[in-house]
Number of protein chains: 2
Amino acid sequence: MSSSRRATIGDVARRAGVSKATVSLAYSGKRPVSEATRQRIFEAAEDLEWTASESARALAMSRTATIGLVLARSPEVISTDPFFPRFIAGCESVLAEAGMGLLLSVVATEEDETAIYRRYATGRVDGVILLDVQTGDRRPALMRELGLPAVLLAPSPAAAGLDDAGFDNVGDKSEDEVETTAFPVVLAENAPAIRDLVSLLVEAGHRRIAHVSGPLRYVHATERRNAFEAAMLEHGLDPSLVVDGDFTAASGRSRTLELLDREPRPTAIVYANDVMAIAGLSLARSRGLLIPEQLSLTGFDDSDLAAHLSPGLSSVSTRADEVGATTARTLLATLAGVAVPITRVDGPTVIARGSIGPPSDLD
Amino acid sequence: MSSSRRATIGDVARRAGVSKATVSLAYSGKRPVSEATRQRIFEAAEDLEWTASESARALAMSRTATIGLVLARSPEVISTDPFFPRFIAGCESVLAEAGMGLLLSVVATEEDETAIYRRYATGRVDGVILLDVQTGDRRPALMRELGLPAVLLAPSPAAAGLDDAGFDNVGDKSEDEVETTAFPVVLAENAPAIRDLVSLLVEAGHRRIAHVSGPLRYVHATERRNAFEAAMLEHGLDPSLVVDGDFTAASGRSRTLELLDREPRPTAIVYANDVMAIAGLSLARSRGLLIPEQLSLTGFDDSDLAAHLSPGLSSVSTRADEVGATTARTLLATLAGVAVPITRVDGPTVIARGSIGPPSDLD
DNA sequence: CTGAAAGCGCTTACAG
DNA sequence: CTGAAAGCGCTTACAG
């Protein structure tokens, strides 16, 4: 706008008295360039404020320096889930360093999601990150159909397609050929933290412990619920006090209402995320229950609020930023042709706070 | 991967027995194409599963079909602020329809932010959206330097550069020329909602009302604080009960602690966002205060939790999704060459819930 | 209504 | 160590 038009590699080459190829090579370092000419080139580029056009590079190299991420959740849940922004921030930190960008899409329906991936495959991104694995997830198959490199964030080995869970992340096997690799996975197990949470409550003296799950179409929600049930059984306790939530505050409130009306009342509730737990905690309090004396509660996500409620909400730190960074790194490695079949990251860890205590004998 | 290589426009042209130009024109509609050939072309394209390469179009048309958004906040605050995800979802809904993508960046420092914009200008995006206006914001100047079309979301006319607030969004004037237009602004005023909130509290009988602000480098935080003070003065009340928060739960808690220790204690607190209000509410309750009898509280954002706490948290709906959609639409119009100097959107509106009530005489 | 050709701004074999 | 040329896959004047 201010200065006429943007400089091109041709302008730089002319000013430095070299060919366009040499300018290109001086920057990419894909072939040696004498120190003298390199200097002249860099100076010329600086004078002209030149930087290579990404569009031109994209066409010439058939790589976009962009990776794609689609969030397929209701705006309501997205806005409430601290995982996404932290995960994205983690991705960004490694992508930025690699000079890559992140193309983000938010969709409501599965149809829209498929459409987006098709557009992505149209030379828009070099690869994608797959979050929120669902049972029977079709995205892995779609990615293969589109030839779109992808990395999957999975909450359990089963979700990673490592054993048969009806999930389609197994490589194609054809007769005499070697089995092709299923695409790369970052594994952040959810189960251990839930077990720890249950143990903590049991040790504190709780026997009637309930669980408010997330939407069970998500493998991570199922995984948390299964872990809850397994842990209860291990302790010889009744694992059937499970109600289905959907990660929203509304469901946290209504499911808690339901649980508090049971006879006998549970003395502790394990929620599948913080938002539901906070709504539940607030409700219990408004009912006059003392926290944690009459009701202990735990969340999942370790949202900013958890630590600063009074009492603090015991929760599970998912280290979403680290997970995001690792996932991005894994995708970059994949794009670079390095085979990374599976990367384990430290699982989420429990953070105990005031919302957990021994059950009182009052009730 | 599965099928050899992606089809190109050449393949489609050959199969349809026409020139590449005709294929291009059949899709763009920039010139009439006979119905018969159009049919043949579409069929050929379908057979070959062809869609135009975005990289090639980007180079040929010098437009990337991508807009950029950079979030420059600490991961902590981002993860807690429901505005961003909703705003982004709103943008997406109009961008997707227009076949455009959203390139998202998250940065920590101002340096990184500048670097990102420079990369953006390198043929990565067609324009950008500017959020979180700060006093003395340098981005408008930077955008002009880079020749990057932009639209600014402003919480007040002053922040939009509509009057002198030390903000650099005025057009260049040179001698005899017409004053060039400052770049487009979407205006969503914050002040009216805060005034409404104060009025509501005053009508309920409150006299000692406090405010916990956001970080004052943000114009929207300053705007909310100023509106609070102005409203208090209008009602003939002492406007000096203002403490500085930073939008985090931690600050919500500590500032509330401070306010509750004052003598006399405020009977109501207006927080600059929901997270601080929720932390404050929780603290007040743990101190044994009855809500709203002994303390009324209000938030800002209308986060998912607000409606489902017990009592519900009175808040301000920012309609972030609509604002996002409008902002995106404004940017698209700008890119299309339509001049849209300023677009007003419905300001945020108050939602009264149980956290507001008449002050009791108990204390 | 349609085609042949040039051009967008890079990168990369191919020669030297 | 360097240059001339072809190519990436589109779009868009220019002719007809």
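Small disclaimer: the values here were computed from a predicted structure and weren't measured.

Focus on the overall build of chain A
Consideration 1: A count of helices and strands for chain A gives 13 helices and 12 strands.
Consideration 2: Considering chain A as a whole, with its 363 residues, one finds that 55% of them fall into the buried category.
Consideration 3: Within chain A, residue pairs in contact and separated by at least 24 positions form 71% of the contacts whose partners lie at least 6 positions apart.
Consideration 4: Working note: accessible area of chain A is about 15,400 Å², and carbon and sulfur atoms make up 51% of it.

Concerning the packing of aromatic side chains
Aromatic ring pairs are defined here through the distance separating the ring centres and the angle between the ring planes.
Consideration 1: Counting across every chain of the model gives 10 aromatic pairs over all chains.
Consideration 2: Both rings, one in Y27 of chain A and one in F42 of chain A, keep their centres 4.8 Å apart while their planes meet at 45°; by these two values the pair is tilted. Pair noted here: Y27 of chain A is in helix α2 (residues 20-28) and F42 of chain A is in helix α3 (residues 35-48), with a separation of 15 residues, a long-range link.
Consideration 3: For F42 of chain A, a relative accessible area of 31% translates into the label partly exposed.
Consideration 4: One aromatic cluster in this structure is built from Y27, F42 and W50 of chain A.
Consideration 5: In this structure, R73 of chain A is placed above the aromatic ring of Y218 of chain A, and the distance from its NZ or CZ to the ring centre is 5.0 Å.
Consideration 6: The positively charged end of R224 of chain B is found above the aromatic ring belonging to F300 of chain B, 3.8 Å away from the centroid.

Topic: the protein's contact with DNA strand D
Consideration 1: The immediate surroundings of DNA strand D are formed by 27 residues, with R31 and P32 of chain A together with I9, S24 and W50 of chain B found nearest.
Consideration 2: A distance of 3.0 Å is found between a phosphate oxygen of DNA strand D and a backbone nitrogen or oxygen belonging to S19 of chain A.
Consideration 3: Between DNA strand D and W50 of chain B, the relevant distance is 2.8 Å, taken from a phosphate oxygen to a side-chain nitrogen or oxygen of the residue.
Consideration 4: Those elements that place two or more of their residues in the surface near DNA strand D are α2 and α4 (54-61) of chain A together with α2 (20-28) and α4 (54-61) of chain B.
Consideration 5: Broken down by element, the surface near DNA strand D gets its largest block of residues, 4 residues, from α4 of chain B.

Topic: the relation of the copies chain B and chain A
Consideration 1: Placing chain B over chain A gives an RMSD of 0.1 Å and needs a rotation angle of 180°, together with 0.1 Å of translation along the axis. In short, the pair behaves as if placed about a two-fold rotation axis. When C-alpha distances to the rotation axis are compared across chain B, the minimum falls at L103 of chain B, with a value of 2.3 Å.
Consideration 2: Most of the interface of chain B is mirrored in chain A, where 100% of its interface residues are also at the interface.

Description of the pattern of salt bridges
Consideration 1: Within this structure, the stated rule accounts for 30 salt bridges over all chains.
Consideration 2: Between R73 of chain A and D81 of chain A there is a salt bridge, and its shortest N-O distance comes to 3.3 Å. Like R73 of chain A, the residue D81 of chain A is buried in the burial classification.
Consideration 3: Close ionic contact of D132 of chain A with R73 of chain A constitutes a salt bridge, the shortest N to O distance being 2.7 Å. With a gap of 59 residues between them, D132 of chain A in the loop between β3 (127-130) and α8 (139-146) and R73 of chain A in the loop between β1 (66-71) and α5 (75-80) connect regions that are remote in the sequence.
Consideration 4: You can call R73 of chain A buried: its relative accessible area is 7%.
Consideration 5: If you follow the salt bridges from partner to partner, you end up with E54 and R63 of chain A together with R119 of chain B in one network.

Brief notes about the sheet that holds strand β7 (residues 242-244) of chain A
All names here are of chain A.
Consideration 1: In spatial order, the strands read β7-β6-β8-β9; together these 4 strands make up an open sheet with parallel pairing. Single-partner strands in this sheet number two, and they are β7 and β9 (296-298). Across the sheet, the mean angle separating the axes of adjacent strands is 15° when strand polarity is ignored.
Consideration 2: Pairing of strand β6 (residues 209-213) with β7, which is carried by 3 bridges, proceeds in the parallel orientation. Residue pairing across strands places V212 opposite V243, the latter belonging to β7.

Topic: the side chain of T298 of chain A
Residues and elements named next belong to chain A.
Consideration 1: Checked against the element boundaries, T298 lands in strand β9.
Consideration 2: With a relative accessible area of 0%, T298 lands in the buried category.
Consideration 3: Once you skip the residues sitting within four places of it in the chain, T298 turns out to touch L197, L201, I269, V270, Y271, A277, L313, S314 and I356.

Some points on the packing of α2 of chain A against α3 of chain A
All names here are of chain A.
Consideration 1: Orientation of α2 relative to α3, taken along the N-to-C sense of each, is 95°, at an axis distance of 10 Å. As summarised for this structure, α2 and α3 are arranged roughly perpendicular, according to the angle between their axes. On the side of α2, the interface is formed by T22, V23, A26 and Y27, while α3 contributes R38, I41, F42 and A45.
Consideration 2: For the contact of α2 with α3, the per-class residue count stands at 6 nonpolar, 1 polar and 1 charged.

Focus on the interface of chain B and chain A
Consideration 1: Every contact between the two is made by 57 residues of chain B and, on the other side, 57 residues of chain A.
Consideration 2: Where chain B packs against chain A, one counts 2 salt bridges.
Consideration 3: Here E54 of chain A makes a salt bridge to R119 of chain B, at a shortest N to O gap of 3.9 Å.
Consideration 4: Contributing elements (two or more residues each) for the side of chain B that touches chain A: α4, α5 (75-80), α6 (83-97), β2 (101-106), α8 (139-146), α11 (249-260) and α12 (274-286) of chain B.
Consideration 5: For the side of chain B that touches chain A, a count of residues per class yields 26 nonpolar, 19 polar and 12 charged.

Re the protein's contact with DNA strand C
Consideration 1: Lining the immediate environment of DNA strand C, one finds 28 residues, of which I9, S24 and W50 of chain A together with R31 and P32 of chain B sit closest.
Consideration 2: Near the protein, within 4 Å, the atoms of DNA strand C are sugar or phosphate in 64% of cases.
Consideration 3: Between a phosphate oxygen of DNA strand C and a side-chain N or O atom of K30 of chain A, the distance comes to 3.2 Å.
Consideration 4: Of all the secondary structure elements, the ones that give two or more residues to the surface near DNA strand C are α2 and α4 of chain A together with α2 and α4 of chain B.

How each quantity is defined
- Residues numbered from 1 in each chain as written.
- Chains lettered and ligands numbered in written order.
- Predicted model: local features only at pLDDT ≥ 70, side-chain atom pairs only at ≥ 80, totals over all residues.
- Heavy atoms only, no water.
- Helix = DSSP H or I, 4+ residues; strand = E, 2+ residues; numbered from the N terminus.
- Buried < 20%, exposed > 50% of the residue type's maximum accessible area, 1.4 Å probe, protein only.
- Contact = heavy atoms within 4.5 Å.
- Areas by Shrake-Rupley, 256 points an atom, 1.4 Å probe, with all protein chains shown as cover.
- Phe/Tyr/Trp six-rings, centres within 6.5 Å; stacked < 30°, edge-to-face > 60°.
- Lys NZ or Arg CZ within 6 Å of the ring centre and 35° of its normal.
- Near = heavy atom within 4 Å.
- Polar contact = N/O pair within 3.5 Å; in protein donor to acceptor, adjacent residues only side chain to side chain.
- Least-squares fit on C-alpha atoms with pLDDT ≥ 70 in both.
- Salt bridge = Lys/Arg side-chain N within 4 Å of Asp/Glu carboxyl O.
- Pairing = 2+ DSSP bridges.
- Axes fitted to C-alpha atoms, helices over the stretch in contact; angles between N-to-C directions.
- Parallel < 35°, antiparallel > 145°, perpendicular 65-115°, else oblique.
- Nonpolar A, V, L, I, M, F, W, Y, C, P; charged D, E, K, R; others polar.

Everything listed is a geometric property; what it means functionally is a separate question.
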